[in-house]
Structure formats: C-alpha cells, structure tokens
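Take a look at the letters that make up each chain.
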Amino acid sequence: MRQALAPLRLPGFRHLVFAYTVNELGNWLGEIALAVLVFDQTGSPLATAALFIGMQFVPAIVGQGLVARLEVVGSKVGLPVIYAAEGATFAVLAALADNFVLALVIALAALDGVLALSGRALARAASAAVLAPAGALREGNALLNVGFTAAGALGPLTAGLLVAGVGARAALILDAVSFLLMALALISARSLLNVKAEANPWRERLREGLAYVARQPILRRLIGAQAAAFVFFAAVIPIEIVYAKDTLGAGDSGYGVLLAAWGTGMVLGSFVFAAARRLSLALLLLVSTVTIGAAYLAMSAAPTLAVACVAGALGGVGNGVQWVSVMSAIQGLTSADYQARVVGLLESSGFAMPGVGFLLGGVLAYLFDPRVSFLIAGAGVLAVVAFSAPLLRRTDWPSELEAPAGVNEALAAEVDAPVTVQGVRPETASDAVES
C-alpha cells in the first residue's frame, strides 16, 4: 500500500488526482442532468440524441485545437481556466433550465465537452511531467485510474439521485459550484507543476503533434487499434436498457443492477492494474481487451439477469484495466514535448468513435435483437485484438515506464528526478514548484 500511494507525495500530484476525479464526477452529473432537462422540456428522443451528438462529436473535432492553444499557457494556468470555464458554462445552463432554448443548451453542452477533453489532456500531461522523472508513471496512472473508475461507478448513481431529489436545475448549479471549487483548489496549489510548450502558432503545433504520431509506427497503430476498439466497446451502450428490460425481462431495476455490476467490476479492475506492477503493459492490454470481448459474447447468450451481471462484472474488470493500460503505454511511448497533444488525440478518438458504435449497436438491435448487438460487439473486440496481436508481441514496448525520452533536464530538476517510487520524499514547502 505504501508503494502504491507513494506518487501522492510527489509535488502537486495529489491535486491532479483530485481534479481528475472530481472532473469525471462533474461530467457524469452534468451529462445526466442535461439529458433529463432536454427530455423533460422537449419530450423528444431525437432532441436528447442531438444533445449527446453535440457532447461527443464537437469535442472530437475541436478539442485538439484547444489543447494546442492551452499548452502554450501551461497547465498551472490552463487547468484552473478550464475548470472555471466549465463552472461558468454549467451556471448558464442552470439559468436556461427556466428559460429553455434547445439550440443554446446543445451548443453550451458541446462547449463543455471541448473543455472536458482539453482538461483531461492537460491533466495527463502535467501528471506525466511529475511522475516520469521519478520513475512513477505507471503507479501514478494506477491512482488516477482508481479515481476515474470510482467516479464512473458512483457518478451515474449520485447524479441520478441528485436529479431525482433536487431537480435538473439544482443539479446543474451544484455541478457549476464543484468545478469552480476545483479551479480554486488548483489555483491555491503552490506545488502544482506548470507544464507548458513553446509559444509556436497553435495550428503549427497541432500539425506537429499529428506528424509526430505519424512518424511513430507503434504509437500510430496503438492509437488506431484503440479507436477501432472504442466502436465495439460502445456498441452495446444504447441498447443495454432494452436488453435488460425486454430481452431479460428484468425491468428498470434490472437495468440499474446491470450497470452497477459493470461499474463495480471497473473499480475492481483499477485495483487489479495497481497490483499487477510486475506484468507487462502489453500483456495487461491483451488480456483486458479479450476479457471485454468475451464478456460481451457471454452477455449475448446470458439466459438470466444474474448470468448477465456476472459477465458484466468481468467485463467491467477488463474495462478498468484496459483503458489505463493503453493510456500508460501511449504516455510511455511519447516524448514529454508531445504528451498533451498525443493524449488529446487519444481522448478525441474516445469522444468520436463511440458515436459510430452507438449507431452500429442501435441499428443491429433494431434490425435483429439486442443479443445480436452484444454478439457483434464481442466479435468485433476480439477481431481488433487479433489484428493487433503482432503489435502487442513486439519486444520494444516499454516494460517499465520511466521518464519519456523527451523529458528535459530542467523539467526533471523541478520534480526532483533522483527521487524514486521506493523512496519518495514527502512534499514540503521547499518542494513547491513556482512558475
């Protein structure tokens, strides 16, 4: 346990863990509150679908440009600005609850999606800058993943209870307050490292980031394989409620239990990754992705809710390991100068490609049956694994993630490069990084 928690003693890292976790909780609260608001005001499934399209595809297209802009400002300034902007956005959305305008709500929701994507990319880049010189990137990512999966498991439940208890408008106000408090917490964090890029034009830096990925075969193929996997991972999401209520005959409560089983598995998976420090990332990525595919296949044939929940829990474990494994591998293969842009590219694919999966799963369920959606999703995930197997077998993957090749000496000095995970020095006032 001491070893696992050691990265929290590095300068500023605990603030980044806090921000990353609360950001995910806030995203869940905002997403569910907005979905309820739009559906209650319009009574239209198409309007709700338009909301989710705005929150998914617009960030995927625009988010990379904002990341390239904010890299120049630096994470110590950029992150509080992003979270303050999200707080202001949700405050305006709360005001619109009593003066509803669908187009404006969708536009603001899309803006928040862009901010959320940029915040994730900058937070990951700042975390890598703190963790890599100390040789703690993998352990630190494990802690970020625990917060992320816990938020993913508790977020929907918390959001549902809040929206049901106080209403969508009050929930949006609470969400705004949470982001503003997070911005204030980061502003007051004297030890937060300011990771910034050279002040080149943002379009040039965006092109450089894409060119960098194109020049790195392993990195390019890994991001491409994950983008394809996102399609099949997401294919079952829009039809899970139909699967639970109609196919399994489990009703609304059954749907909730099914989601809870997957979420519980995700949290367990985050601890599995944290405990599996001696296993290679390639092996973890392979096994976890296969586990998700196998879980979908099992759910396609599950005769009862109980069997589906067991399969879902296993799939959740795979989910909890898979995302942090691919993120850790990509960060380990990326030089420090390109961390935010490469992570932003991965996050962009995570916003865009699930939309294709939503369409695929919905069409299959409409034409055939929800079980077919699970069957095709599982087969698709396993096909991505089979296609990527030669990449996963390569021996030049980083087995132990140390500082990325591009971490410069000045940055390493700021975070005390000689400190190792085994002997992390407690953070003191003298450790604070001023910028």
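Residues numbered from 1 in each chain as written. Predicted model: local features only at pLDDT ≥ 70, side-chain atom pairs only at ≥ 80, totals over all residues. Heavy atoms only, no water.

Caption draft 1: The arrangement of the overall build of the protein in detail. Broken down by element type, the protein carries 16 helices and zero strands. For the protein, with 435 residues in total, the buried portion stands at 54%. A separation threshold of at least 6 residues defines the contact pool for the protein, and within that pool the share at least 24 residues apart is 86%. Just so you have it, the protein exposes about 17600 Å², and 68% of that area is on carbon and sulfur atoms. (Helix = DSSP H or I, 4+ residues; strand = E, 2+ residues; numbered from the N terminus. Buried < 20%, exposed > 50% of the residue type's maximum accessible area, 1.4 Å probe, protein only. Contact = heavy atoms within 4.5 Å. Areas by Shrake-Rupley, 256 points an atom, 1.4 Å probe, with all protein chains shown as cover.)

Caption draft 2: The nonpolar core, seen in detail. Grouped together as the largest cluster of nonpolar side chains are 116 residues, with contacts concentrated most on Phe13, Leu34 and Tyr83. At 14 residues, helix H5 (residues 102-131) tops the list of elements feeding residues into this core. (Core = buried A, V, L, I, M, F, W, Y, C linked by side-chain atoms within 4.5 Å.)

Caption draft 3: Inspection of the packing of aromatic side chains at higher detail. Counted according to the given criterion, the structure contains eight aromatic pairs. Aromatic ring contacts, followed pair by pair, group Tyr243, Trp262, Tyr296 and Phe374 into a single cluster. (Phe/Tyr/Trp six-rings, centres within 6.5 Å; stacked < 30°, edge-to-face > 60°.)

Caption draft 4: Inspection of the packing of helix H2 (residues 13-42) against helix H7 (residues 168-187) at higher detail. The contact between H2 and H7 brings their axes to 9 Å, and the two run at 160 degrees. Taken together, the axes of H2 and H7 lie roughly antiparallel to each other. The hand of the H2/H7 crossing is left-handed. Between H2 and H7, the residues in contact are His15, Phe18, Ala19, Val22, Asn23, Gly26, Asn27, Leu29, Gly30, Ala33, Leu34 and Leu37 and Ala168, Ala171, Leu172, Asp175, Phe179, Met182, Ala185 and Leu186, respectively. The class makeup of the residues in the contact of H2 with H7 is 14 nonpolar, five polar and one charged. (Axes fitted to C-alpha atoms, helices over the stretch in contact; angles between N-to-C directions. Parallel < 35°, antiparallel > 145°, perpendicular 65-115°, else oblique. Left-handed = near helix turned anticlockwise from the far one by under 90°. Nonpolar A, V, L, I, M, F, W, Y, C, P; charged D, E, K, R; others polar.)

Caption draft 5: The confidence of the model for the protein, seen in detail. Across the protein, the average pLDDT comes to 80, with 85% of residues at 70 or higher. Helix H16 (residues 409-414) is the least confidently modelled element of the protein, averaging 39 in pLDDT, while helix H12 (residues 281-301) averages 95, the highest of any element. Here residues 399-435 scores under 50 on pLDDT; set against residues more than four positions off or in separate chains, the count is 75 contacts. (pLDDT = per-residue confidence, 0-100.)

Caption draft 6: Focus on the environment of Phe100. Considering the arrangement of structural elements, one finds Phe100 in the loop between helix H4 (75-96) and H5. Sequence separation between Phe100 and Leu37 is 63 residues; the distance between their C-alpha atoms is 9.0 Å. If sequence neighbours within four positions are ignored, Phe100 has contacts with Leu37, Val38, Gln41, Thr42 and Val105.

Caption draft 7: Representation of the packing of H2 against H5. Remark: H2 packs on H5, axes separated minimally by 10 Å, with the N-to-C direction vectors making an angle of 165 degrees. Judged by the angle between their axes, H2 and H5 are roughly antiparallel. Both H2 and H5 take part in a crossing whose hand is left-handed. Contact with H2, carried on its side by Phe13, Leu16, Tyr20, Asn23, Glu24, Asn27, Leu34, Val38 and Thr42, involves Leu102, Val105, Ala109, Asp112, Ala116, Arg120, Ala123, Arg124, Ala126, Ser127, Val130 and Leu131 of H5 and no other residues of that element. Among the residues making up the contact of H2 with H5, the classes are represented as 13 nonpolar, four polar and four charged.

Caption draft 8: Looking closely at the pattern of salt bridges. Counted by the stated rule, this structure contains three salt bridges. Put simply, Glu24 and Arg120 hold a salt bridge, and the shortest N to O gap is 3.0 Å. Of the two residues, Glu24 sits in helix H2 while Arg120 sits in helix H5, which places them 96 residues apart along the sequence. Of the two residues, Glu24 and Arg120, neither departs from the other in class, the shared state being buried. Three or more residues are tied together by salt bridges with common partners; here these are Glu24, Arg120 and Glu347. (Salt bridge = Lys/Arg side-chain N within 4 Å of Asp/Glu carboxyl O.)

Caption draft 9: Summary view of a nonpolar patch on the surface. A grouping of Ile173, Val177, Leu181, Leu184 and Ile187 is seen on the molecular surface, where their side chains present a nonpolar patch of about 460 Å² in accessible area. Note that Val177 resides in helix H7. (Patch = residues over 30% accessible without salt bridge, like charges linked within 9 Å, V, L, I, M, F, W, Y side chains within 5 Å.)

Caption draft 10: Broad picture of the side chain of Thr89. In this fold, Thr89 is placed in helix H4. In this view, Thr89 contacts Leu108, Leu111, Asp112 and Leu115; residues no more than four positions away in its chain are not counted.

Caption draft 11: Representation of the environment of Ile241 within the structure. For Ile241, the location among the structural elements is in helix H10 (residues 240-247). Given the relative accessible area of 34%, Ile241 is considered partly exposed. Separated by 129 residues in sequence, Ile241 and Pro370 have C-alpha atoms that sit 9.6 Å apart.

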